[in-house]
Structures are given as structure tokens and as C-alpha cells.
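Each chain is listed here by its residues.
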Amino acid sequence: MSQSAVATSQAAPEICFDGVDLSLGGLEILKGIDLEIRRGEFICVIGPSGCGKTTMLRLIAGFHRATAGAVMHEGRAVNGPSPDIAIVFQDYGKALLPWRNAADNVALALEAMRVPKSQRADMITGFLGKVGLADHAQKFPSQMSGGMQQRLQIARALAQNPSVLLMDEPFGALDAMTRQTLQDECLNLVENMGTTVFFVTHDIEEAIYLGDRVVTLSPNPGRIADIHTVNLPRPRNQLTTREDPEFLRLRRVLFDFIQGH
Amino acid sequence: MSALLSMRGLLVPALLLLGAEVLVNAADLSSNNIAPPSAAFAALLRIMLDGTLFVSTGQTLLATAMGLAVGGSLGLVAGILLGLSRTASRLMTVSLEFFRPVPAVALIPISMLVFGFGYAMEVAVVAFAAFWPMLIYCKGAIEAVEPQLLEVAQMLRLSYFDTVRKIVLPAALPRIFVALRTATGIALILGVTTEILSNPQGLGFAVMSAQQSLHPDNMIANIFWLGVLGVVVNSGLLWLQSRLFGNAGRPGGGR
Amino acid sequence: MKRASNFLWFLGSVGVFALLLFGWHLIAQSGMVSRVYLAPPDKAFAAITNGFTGPNGLGSSMWATVQRMLYGWVLASMVGIVLGSIIGISAIARIYLQPMLEFLRPLPASAIVPLAIAFFGLSESMVLFVIAFGSFWPVLLAAVQGVSSVEPRLYEVARALNMSRRETIWKIALPNALPDIFAGMRIGLAVALVLTVVGEFVGGQNGLGLEILRASRQFQAPRMFGGVILLGVIGYSCAVIISNVERYLMRWRASR
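What counts, and where the lines are drawn
In every chain, residue numbers begin from 1 and rise along the written sequence. As a convention, the first chain written is A and the first ligand written is 1, with the rest following in written order. Selection of residues for local features in this predicted model requires a pLDDT of at least 70, selection of side-chain atom pairs for listing and counting requires 80 or more, and totals for whole chains, interfaces and linings are taken over all residues. Strands here are runs of E lasting at least two residues and helices are runs of H or I lasting at least four, both read from the DSSP assignment and numbered beginning at the N terminus. Residue burial is a threshold on neighbouring C-beta atoms within 10 Å of the residue's own C-beta, all placed from the backbone, with 20 or more meaning buried, 12 or fewer meaning exposed, and counts in between meaning partly exposed. Atoms considered for the radius of gyration are the C-alpha atoms alone. The globule rule reads 2.2 Å times the number of residues to the power 0.38. Any pair of residues counts as being in contact when their C-beta atoms, constructed from backbone geometry, are within 7 Å of one another. Axis definition: a line fitted to C-alpha atoms, limited for helices to the stretch in contact. Angles are taken between N-to-C directions and run from 0 to 180 degrees. Helix crossings get a hand from a simple test, with the near helix turned counterclockwise from the far one by less than a right angle marking a left-handed crossing and a clockwise turn marking a right-handed one. Each residue gets one of three labels, nonpolar for Ala, Val, Leu, Ile, Met, Phe, Trp, Tyr, Cys and Pro, charged for Asp, Glu, Lys and Arg, and polar for the others, Gly among them. Here the rule is simple: two strands pair whenever DSSP picks up at least two bridges between them. Orientation is classified from the angle alone, with under 35 degrees giving roughly parallel, over 145 giving roughly antiparallel, 65 to 115 giving roughly perpendicular, and any other angle giving oblique. The quantity called pLDDT is the predictor's confidence in a given residue, expressed from 0 to 100. Among buried residues, those of type Ala, Val, Leu, Ile, Met, Phe, Trp, Tyr and Cys that are joined through C-beta atoms within 7 Å form a set called a nonpolar core.

> Would you mind showing me how to read the overall build of chain B here?
Helix and strand content of chain B: 10 helices and 0 strands. Each helix (α) and strand (β) of chain B, taken in turn from the N terminus, gives the series α-α-α-α-α-α-α-α-α-α. With the principal axes as the frame, chain B shows a C-alpha extent of 75 × 50 × 30 Å. By the burial criterion, 41% of the 255 residues in chain B qualify as buried.

Right, here's the structure in full:
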């Protein structure tokens, strides 16, 4: 991953925040955001609640327009949602169609992409296989555990074949064991597909474990406090990475930052 | 209620009334069968001023209220008992499934045979109709009481009677009120229907006799008044519900 | 084990029902209540079964009632679903129409009978109109509610996928409304049965309602009770059928 990131670093950044301000309903949410995200990079954003993490994500998604400055995707201003940018929401229970089974939930993305019906079945099997749900294609979300539902949401996002994956605290509602498993699976997937990831979390360790860089936001109005490069070797490992002195050092720094707010 | 009074919400009905007025007058439909809104409005004023409207309204409301009192309280007691005792509820399953689907209107001829015309026959039909929703909803209300509350009662070693009185009933009260609201709506419908079909009193009869004596203005005025009555009763109970219980008991609320 | 005990409970509840029938029988036998009003259960059931399929039997009346009820209900459901979806989707339509709908909803549907007579006379169409008018409201309001109460997150999913408005309505709003629409149709069917009987009483149309009315005028209590029981059978069958269809179509819902 880091290799491909270096190789394309000369081209336009995948995502670029250029002096972005955002006010919603007269309230200043984000102020002076400057950030460049390289192709294939895994960016994690943390910060106290209400600091505008999710709002940054929604700006990239095209759900909000910047009040000042611009958000660029591959050199062009974002002015609305695009299938090239996929989102994985935290509340999987609300973001899946309860009346469609797993296969048909993935199909929703393919239908929206106008993939011909004849090609869909194989693709669906492929995407479900990637997230380990091959045997559960006929299950409805109500019959799946939280972890499986979140895997399904990831499969639907992958089916969009996105260049950018936005993840809004995707593992926040899962138990610790499931969360670690999904973290590793998620890293594997995006590394193989070369997807750029913008990952919002409130979990410091998760941010370090996953990210190439960790962006910290401070609130009122939300602005970038610092950007930390994570110098940890890939592939990451739940045991060795988390015991690495660099991991512990960063954890301390970020912990102090969060405590300070 | 505020939505009801919004200007934009009044626009469509106003246009429809205007259209009806123009159409009935222009096509000269104004016969023994149908009257333009203006004539109906005049008729409404007339029956308000001579008091007949209020007499028939009183008769309808009285019969409905008595039927609701009889059927509703029986349904309330039965619903609470069945809600409290799983044994009783299981033993009554077949019987309830047998009697419940009988439409109350089908009993009107029987009730007429037994009681003749007057309040008694109407009250009997209304009571039967109000009994079922009250029973079903109250049973549901009791069964929906949080099991943890019952565990609290056990922990505190409350007697059975105290558990029901201090825990179960207060917890179920908001939903029981919803049951009352539903039963009231059904009671009013059945009261009016009984009057339309046979009982010579009340608003239903006023509507029917106006039609039969070829006074369409009078008929439409009475139908309109029934609509007003329905809205007033319904929103009055809704107001009372939110006043008494806030959002509890509404769908999705009170959790 | 569980099944066996469930079956025992069922038997017990059949036993209670038999006791109730026996009580009914005793009361009827004792003469406490005049035979003119109260037929004993065996006579009532005999009135149903005697020549059920014959020219004078209750079978043809029952069939007429069922048909009439279904026609009115299907008509009401189709119009209700289409109109309700349109109103549910369009916020503007809601602003203009909802207050009027709220006014018409609590209006006792039977109050429309005289108006329907004025327009259609004492005819089959009058009865159908009344049935359709009454069962239309629950379906309409349920469809409005279901279509307009989509989880906002799902609309974001649709936007993120660049789905067209048409696609969003078809794939998200309407399926989302399905449980509500079904609940509305279930209520609508119960209303349809009631209004079928009302319509038959008033309009003199052949059916169980008219049978009951005639029997009461001729003091034929067994036939009267037979008719009432058959109406109950119709109501019960409808409820069972519709809840099974509902369970199948809504099998994606978390088991309740």
C-alpha cells in the first residue's frame, strides 16, 4: 500500500480540503480545514464529540457544500454524491434495506450503477465472498449479527467499486472481538483494492492501528489540531503492532490531546 | 389541530366546495336528491337555531357514552384479567377468536328484536362494539409492561394485589388510554350506524330521514356536523392523552 | 415437549368454548330468554347446515357478501395505495391535503350511506361505493404514513448511490411502506365487512346482512344467529388469511 501511495504521490491528491469553512444554520462547524489525502492512503480522524469529524466525511460525500473554500476529489470540486465515493455508516441497522436479503442489498449498489442483470449474480457472490458472507446470501439483515450486518454494508460499498471509501465510526457499535476481526479484514480489503479510506472514529487505538496518518480535530469550531504520521510497518498485527513502542508513543500523544479537551 | 387551521390546508376543501356549488347550480342538479353547499350551510344554521341539531347530537352522544361505559368497562376488566393471567388468556383463545370477528352491526336486528327502538338497543350494540377493542388493547397493554418492573416487584416482595395496583396498572395506563380512544371512535361509529339503520333518534336518524323526506340540504348539513363531531371527539381525546401522559403510549413513545 | 403443551392448552381452550356453548344452550333451554330472540346453538348450526348450498340456503348469501366485500375492499385498496403513496411522497400534497383527510377520517363511514343513496339509488353500486369509501381511509392513511416515514439514513444511502427519484420511490419508499399498507388493508377489510352488512341492510341487496334482517322480521331466531355466525366465520377467515400473507411477505422483519 505504501508503495502504491508513493508511486502516485506526484499526481493530484485523491481528496483535497482547500481552506474549507462550513456553517450550518448559522452555526460554525468547521473552520479553515486544509488537508490533502493521497491515493490509496488510509486517513483516520479522531477528536472529541461535536468537533466535526462526521461533517468532514459528509463534505467529501457531497451531502454538504463548503461555505468557503473547496473540497476536491481527483482535482475536481465535489458538488454532490458520486458513486465513486462509497460510505459505510455506523448505524448498519438503519443503513441496510431490511426487506432485502444480503445478496439483494449488494444488488442495490449494482442496480444503481446500471450493471446489467446477467452480470450481477457473479459479482454479488464475489463481493459477499470478500467480506466472508458467501454462505449468508439469502439471510435478511434481521437474521444477522451486528458484525455480519456491518460486513454486508462494506460489501455494498465495495460493489460501487469506489476509489474512496468513507467510514463513519463503522465498528463503534460492535463488541471488541468482532471489531478487531473487522479491522483486519477491512485493512486487507482496501490494501488489495488500493482504495483510499477516510475513517472517522472515537477510538484512539483503532485510529493508530488502521491509519497511515491520524488527523486530530479540536472543536468549536472544528479545525485540524494536528496530523500524525503513523510509522508502523504493514501488514499490521493485532498483537505485535499494538505492542510496538511507536504505537504506544502515539497512543500517549493522542490520549493527552483528547484529555485536553 | 394547528395543521387543520393552516390556510393552505383550507384551500383545497374551499375549492372543492366552490366547485360543488358552481356545478350543482350550473347543471341544475339541485333537485330532491342533492343540494349545493350554500343551501347545506343555510340548513345547518337553521337546525342550529331551532335546536334540533343539538337535540339529536345529545341523543347520539348519550347513547354512545352509555354504550362505551358498559362495553368499555367490561372490556377493561376482561382485558386486565386476561393480561394478568396467562392461563386465563390461553384458555379463552378459541372463544375469543369465535366471538370477536362478529361485526357488531350484524347484531342490530337482534338488538332491535330484544329491546325495540330507543336507547337500550343502541347502547347494547355500541357496548358490544366497544368491548372488543378495549379487551384486546388492555390485554396488550398489561402484557407490554416491562418484565423488569415485575422483577422489581418480586424483589420488593409486593403482594399480588399491590403489584397489580402499584406497578402493573400505572405502567399500563398510557396504553389503556389509547384503548379508550380507539374504543370511543368505534363506539361513535356504531352509534351513528345504528341510528342510520333503524333507531329513530340521534344524528344518524336525522341524516337518514332528511334523505328520505327529500331534504338534501338538511342531510348534508347533518353529515358535515357528524364530521365535526368526529374531529372534536378525536382531537379532544388526543389532547387529553398528551396532557395526561405526554408522549407515552403513542407509537414509539414512552420507552 | 413445547408443542405437546401448546396442544394441551389448545384443547383446554376448546373445552372452555364448549362450556360456553353449553351455557348458551342451557340459557336457551331454560326459557329465561324468549326463543324469539335466542336460538339454542344446535338450532343455529342446523340453520346454517340445512340446505346450505340450496336455493334458500345461507351459502349463496354468504358468497354474495364475500364477493361484495372483496370488490369494495380491492377497489379501495388500489385507490388508497396509489393516492396515499403520492401524498406520502410529496410534502406539498401533504400540506394541502392532510387537513382535509384528517377531517374526513373520523367521519363515520356509514354516514355516507344517505348521500350514496342520493347519488346511486338503492343499488348494488351504492353498496359498493359505501364499502369502498369506508375501507379506503385506513389504507390511504397507512400508505401516507408508511411512505413518509422512511428512515432518513436510507435516503442518504440512495443519494450516495446516485439513485434517481423514481428508483428511490420504487426501491426504498414503497417497500418501506409495505408493513403499514398491510396493516391499513387489514383494518380496511374489517371495515369492508361491516359496511357490506350495513349496505345490505339499507340497500336490500342479497347477502347475509339481508338474511339476518329478514330472519329477524320473521322471528326466525335460528336463521338469524346462523347468519351472524357465518359473518363471524368470514371475519375470522379474512383475518387468518391476511395475517398469513402478511407473515410471508414481511418475513424479513425481526421475529416478533
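> Help me understand the overall build of chain A in this model?
Across its full length, chain A carries 10 helices and 10 strands. Computed over the C-alpha atoms, the radius of gyration of chain A is 18 Å, within 12% of the 18 Å expected from 2.2 N^0.38 for a compact globule of 261 residues. Projected onto its principal axes, the C-alpha coordinates of chain A cover approximately 50 × 40 × 35 Å. When contacts within chain A are restricted to residue pairs at least 6 apart in sequence, those whose partners lie at least 24 apart make up 70%.

> Help me understand the packing of helix 5 (residues 108–115) of chain B against helix 6 (residues 119–143) of chain B, please; the structure alone is not making it clear to me.
Relative placement of two packed helices is described by the angle separating their axes and the distance separating the axes. Residue and element names in this part refer to chain B. At a minimum axis separation of 9 Å, helix 5 and helix 6 run at an interaxial angle of 145°. As helix 5 packs across helix 6, the resulting crossing turns out to be right-handed. Together, Ile-108, Ser-111, Met-112 and Phe-115 of helix 5 and Ala-120, Met-121, Ala-124 and Val-125 of helix 6 make up the contact between the two elements. Looking at the contact of helix 5 with helix 6, its residues break down into 7 nonpolar, 1 polar and no charged.

> When you look at the sheet that holds strand 2 (residues 27–37) of chain A in this model, what are you seeing that I'm missing?
Strands pair in a sheet through their backbones, by hydrogen bonds, and they do so in one of two ways: parallel or antiparallel. Residue and element names in this part refer to chain A. Reading across the sheet, the 4 strands line up as 2-1-4-5 and stay open at both edges, with antiparallel pairing between neighbours. Each edge of the sheet is formed by a strand with only one pairing partner; in this case those strands are strand 2 and strand 5 (76–77). The pairing of strand 4 (residues 68–73) with strand 5 spans 2 bridges and is antiparallel. Looking at the pairing, Met-72 lines up with Ala-77 of strand 5.

> Quick question: what am I supposed to make of unusual backbone geometry here?
Excluding glycine, residues mostly have negative phi values, and the peptide bonds linking residues are mostly trans. Cis peptide bonds are those with omega within 30 degrees of zero, and the linkage from Asn-220 of chain A to Pro-221 of chain A qualifies with -15°. Note that Pro-221 of chain A resides in the loop between strand 9 (213–218) and strand 10 (223–229). Note that the residue after Arg-234 of chain A, namely Pro-235 of chain A, is joined by a cis bond; omega there is -5°. Secondary-structure assignment places Pro-235 of chain A in the loop between strand 10 and helix 9 (240–243). Positive phi is not limited to glycine here, since Leu-214 of chain B has a value of about 60°. Mapping Leu-214 of chain B onto the fold places it in the loop between helix 9 (202–212) and helix 10 (216–245).

> Teacher, can you tell me more about the interface of chain A and chain C here?
When the parts of a complex come together, some accessible area is lost, and that lost area is often taken as the interface size. Taken together, the 20 residues of chain A in the interface contact 16 residues of chain C. If you list the elements that add at least two residues to the side of chain A that touches chain C, you get strand 6 (85–88), helix 3 (92–95) and helix 4 (102–112) of chain A. In terms of residue count, helix 4 of chain A provides more of the side of chain A that touches chain C than any other element does, 3 residues in total. Taken together, the residues that form the side of chain A that touches chain C break down as 15 nonpolar, 3 polar and 2 charged.

> Hey, could you run me through the sheet that holds strand 3 (residues 42–46) of chain A in this one?
Residues and elements named next belong to chain A. Strand order in this open sheet of 6 strands is 6-7-8-3-9-10, and the pairing throughout is mixed. Each end of this open sheet is capped by a strand with a single partner; those strands are strand 6 and strand 10. Each adjacent strand pair in this sheet contributes to an overall mean axis angle of 20°, direction not counted. Across 4 bridges, the pairing between strand 3 and strand 8 (residues 196–200) is parallel. Bridging across to strand 8, Val-45 finds its partner in Val-200. Across the face of the sheet, helix 2 (residues 53–61) comes into contact with strand 3, strand 6, strand 7 (164–168), strand 8 and strand 9 while running at roughly 150° to strand 7. Taken strand by strand, helix 6 (residues 146–159) contacts strand 6 and strand 7, and its axis lies near 175° from that of strand 6.

> I would appreciate a short explanation of helix 5 of chain B in the present structure.
In an α-helix, one turn spans 3.6 residues; hence positions three or four apart end up facing the same way. Within the span of helix 5 of chain B, buried status applies to Ile-108, Pro-109, Ile-110, Ser-111 and Met-112 of chain B. Contacts made by the buried residues of helix 5 of chain B are with helix 6 and helix 8 (160–197) of chain B together with helix 9 (208–217) and helix 10 (221–249) of chain C.

> What exactly am I supposed to notice about the packing of helix 2 (residues 37–49) of chain B against helix 10 of chain B here?
Residue and element names in this part refer to chain B. Their axes nearest at 8 Å, the elements helix 2 and helix 10 cross at an angle of 75°. Looking at the two axes, helix 2 sits roughly perpendicular to helix 10. On helix 10, the residues touching Ala-39, Ala-40, Ala-42, Ala-43, Leu-44 and Ile-47 of helix 2 are Asp-217, Asn-218, Ile-220, Ala-221, Phe-224 and Trp-225. Residues that form the contact of helix 2 with helix 10 fall into these classes: 10 nonpolar, 1 polar and 1 charged.

> Looking at this structure, I do not really get the confidence of the model for chain B. What am I missing?
Close reading of the predicted structure is inappropriate where its pLDDT is low. All names here are of chain B. Per-residue pLDDT for chain B has a mean of 86; in total, 92% of the residues score no lower than 70. The secondary-structure element of chain B with the lowest mean pLDDT is helix 1 (residues 7–26), recorded at 82, while helix 3 (residues 52–84) shows the highest, at 94. Across residues 251–255, where pLDDT falls below 50, the model places 6 contacts with residues more than four positions away in sequence or in other chains. We note a pTM of 0.84 for the whole complex and an ipTM of 0.86 for its interfaces.

> How should I be thinking about the pairing of strand 4 of chain A in this particular structure?
The side chains of a regular strand alternate between both faces of the sheet. All names here are of chain A. Across 5 bridges, strand 1 (residues 15–24) lies against strand 4 in antiparallel orientation. By the bridge assignment, Phe-17 is partnered in strand 4 with Val-71. A loop of 2 residues connects strand 4 with strand 5, the two strands running antiparallel in sequence, and Glu-74 in this loop sits at a positive phi of about 50°.

> Help me out: how do you make sense of the arrangement of the chains in this one?
Interchain contacts are distributed over 2 pairs of chains, and the most extensive set of them lies between chains B and C. At the C-alpha level, the nearest point of chain A lies 16 Å from chain B, with no contact between them.

> I'm lost on the confidence of the model for chain A in this one. Help?
In this model, chain A carries a mean pLDDT of 89, and residues with pLDDT of at least 70 account for 96%. Note that pLDDT drops below 50 for residues 1–9 of chain A; the model gives that stretch 12 contacts with residues more than four away or on any other chain.

> Please explain the pairing of strand 2 of chain A as it appears in this structure.
Residue and element names in this part refer to chain A. The sheet contact formed by strand 1 and strand 2 spans 7 bridges and is antiparallel. Along strand 2, the bridge assignment pairs Cys-16 with Glu-36. Connecting strand 1 to the antiparallel partner strand 2 that follows it, the hairpin turn spans 2 residues, and Gly-25 within it adopts a positive phi of roughly 55°.

> Explain the nonpolar core to me, please; I cannot follow it from the model alone.
Buried together is how nonpolar side chains tend to be arranged in soluble globular proteins. Of all hydrophobic cores here, the largest spans 217 residues; its most connected members are Ile-60, Val-106 and Leu-166 of chain A together with Val-130 of chain C. Other than its neighbours up to four places away in sequence, Ile-60 of chain A contacts Ile-15, Val-71, Val-78, Ile-85, Val-164, Leu-166 and Phe-198 of chain A.

> What is the right way to read the environment of Gly-226 of chain C from this model?
With respect to the helices and strands, the residue Gly-226 of chain C is situated in helix 10. Taking the C-alpha atoms as reference points, Gly-226 of chain C and Ile-212 of chain C, separated by 14 residues in sequence, lie 8.4 Å from one another.

> Help me understand helix 9 of chain B in this model?
The buried fraction of helix 9 of chain B amounts to 9 of the 11 residues, a majority that puts the element mostly inside the structure. Buried within helix 9 of chain B are the following residues: Gly-202, Leu-203, Gly-204, Phe-205, Ala-206, Val-207, Met-208, Ala-210 and Gln-211 of chain B. On its buried face, helix 9 of chain B sits against helix 3, helix 8 and helix 10 of chain B together with helix 5 (112–120) of chain C. Leu-214 of chain B occupies a position one or two residues after helix 9 of chain B and carries a positive phi of about 60°.

> Whenever I open this one, the environment of Leu-45 of chain B confuses me. Can you help?
Residue and element names in this part refer to chain B. Its place among the elements puts Leu-45 in helix 2. You can call Leu-45 exposed: it has 12 C-beta atoms within 10 Å. Spatially, the C-alpha atom of Leu-45 lies 11 Å from that of Trp-225, the residues being 180 residues apart in sequence.

> Is there a simple way to think about the environment of Ala-144 of chain B in this case?
Residue and element names in this part refer to chain B. Its location among the elements puts Ala-144 in the loop between helix 6 and helix 7 (147–155). On the basis of neighbour counts, which here come to 13 C-beta atoms within 10 Å, the residue Ala-144 falls in the partly exposed class. Separated by 24 residues in sequence, Ala-144 and Val-168 have C-alpha atoms that sit 9.6 Å apart.

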